[in-house]
Amino acid sequence: MEAYRESNPRHETYFTRGGAVYEDADQDNTNSGHGDEMTVTVDGEQYELDTEFDLNKDGTNDTAIVTTDDGGQVAFTDSDKDGDADVAVQLDEAGNVVGAARYDEASGEWVPVDPKTGEATGQESSNSGAGAPASAAGDIIVDVPDEAEDMSAGAATVDMNHDGKNDTAVVQSEDGDVYAFTDADGDGEADQMTVIESDGSVTISQHTGEDEWAEVEKGHLDSQGNYVPDSQRS
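Residues numbered from 1 in each chain as written. Predicted model: local features only at pLDDT ≥ 70, side-chain atom pairs only at ≥ 80, totals over all residues. Heavy atoms only, no water.

**Student:** I would appreciate a short explanation of unusual backbone geometry in the present structure.
**Tutor:** Leave glycine aside and you will find that most residues have negative phi; peptide bonds, for their part, are mostly trans. Of note, the phi angle at Lys81 is positive, near 60°, even though the residue is not glycine. Relative to the helices and strands, Lys81 is located in the loop between β7 (73-77) and β8 (87-91). When its relative accessible area of 38% is taken as the criterion, Lys81 is described as partly exposed. One non-glycine residue, Asp146, adopts positive backbone phi at about 65°. Residue position: Asp146 is located in the loop between β11 (139-142) and β12 (151-155). Overall, Asp146 belongs to the exposed group, its relative accessible area being 78%. (Helix = DSSP H or I, 4+ residues; strand = E, 2+ residues; numbered from the N terminus. Buried < 20%, exposed > 50% of the residue type's maximum accessible area, 1.4 Å probe, protein only.)

This is the structure:
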């Protein structure tokens with residue numbers, strides 16, 4: 001984690017990684033239970049959050065809710081009462097459940113699960129993720145050559161393969177170039193990078209290994225804004 005803060009007077013907590021910020025929801029719970037601390041392990045580091053919500057209504061608070069920088073929330077729950085968070089549920093800004101993960105003690109990683117069934121989806125979150133389970137954070141992480149740490153391209157906002165799920169984050173540079181980072185396999189990390197320069201030139205590269213990107217195609221945007229590979233030009 002790149003930053004962590006807890007402020008007792010206002011009871012605010014936040015921690016960041018790769019540009020994502022998670023801030024402890026400034027809410028009071030007067031229904032039941034008492035404020036206990038819960039340990040949340042992310043990327044091998046441990047953070048203490050105050051549990052202020054009694055999710056299973058057994059009289060003991062077991063859940064802490066943090067607010068993400070995009071207006072959503074992540075609820076961390078200690079379901080087995082051992083003092084460590086083992087379940088994370090992502091909510092969008094409207095309060096709808098949009099993702100979930102469970103903590104695997106053996107691997108030390110958060111594993112995405114189906115929010116309805118609790119069954120693993122078969123995709124493990126990466127330790128280079130955005131400071132929370134990949135399904136909770138939602139950001140696409142980019143392996144940047146010659147940099148000590150990966151960067152976050154932000155949340156996926158474009159559905160590149162038209163399967164109904166956003167898989168691509170778009171970033172614009174100060175000189176007008178557009179970078180589209182696509183997570184093709186849903187593991188939270190960019191597999192493809194598309195660069196659209198201000199003159200309409202397009203370069204597509206694929207992630208081939210740690211700190212390695214290989215150019216696979218070049219092209220250009222036509223007058224209608226459609227991509228045309230160089231191999232198709234007359």
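**Student:** Where do I start with the pattern of salt bridges in this structure?
**Tutor:** The full count for this structure, using the stated rule, is two salt bridges. Where Asp58 meets Lys81, a salt bridge forms, and the shortest distance between an N and an O atom there is 3.3 Å. Here Asp58, found in the loop between β5 (45-51) and β6 (63-68), pairs with Lys81, found in the loop between β7 and β8; they are 23 residues apart in sequence, far enough to count as distant. Classification of Asp58 by relative accessible area gives partly exposed; the value is 41%. The partner of Lys81 in a salt bridge is Asp62, and the shortest N-O contact between them spans 3.4 Å. Taken as a pair, Lys81 in the loop between β7 and β8 and Asp62 in the loop between β5 and β6 lie far apart in primary sequence, 19 residues in all. (Salt bridge = Lys/Arg side-chain N within 4 Å of Asp/Glu carboxyl O.)

**Student:** Which parts of the structure should I look at to understand the nonpolar core?
**Tutor:** Within soluble globular proteins, side chains that are nonpolar generally end up buried alongside one another. Counting 13 residues, the largest nonpolar core has Met38, Val40, Leu49, Phe76, Ala85 and Trp110 as the members making the most contacts within it. At the level of elements, β4 (36-42), β6, β7 and β9 (97-104) are the ones that each hand at least two residues to this core. Residue contributions to this core peak at three residues, all from β4. Contacts of Val40, omitting those with residues within four sequence positions, involve Glu45, Gln46, Tyr47, Leu49, Phe76, Ala85 and Trp110. In this structure, Ile140, Ala169, Ala190 and Met193 belong to the second largest nonpolar core, which totals nine residues. (Core = buried A, V, L, I, M, F, W, Y, C linked by side-chain atoms within 4.5 Å. Contact = heavy atoms within 4.5 Å.)

**Student:** Would you explain the sheet that holds strand β14 (residues 178-182) in this entry?
**Tutor:** The pairing of strands in a sheet happens through backbone hydrogen bonds and is either parallel or antiparallel. Spatially, the six strands line up as an open sheet ordered β13-β14-β15-β16-β17-β18, and their pairing is antiparallel. One side of each edge strand has no neighbouring strand; the edge strands of this open sheet are β13 (168-172) and β18 (227-229). In this sheet, adjacent strand axes meet at a mean angle of 30° when their direction is disregarded. Two elements, β14 and strand β15 (residues 192-196), share five bridges in a ladder whose sense is antiparallel. Within β15, the residue paired with Ala180 across the bridge is Thr194. (Pairing = 2+ DSSP bridges. Axes fitted to C-alpha atoms, helices over the stretch in contact; angles between N-to-C directions.)

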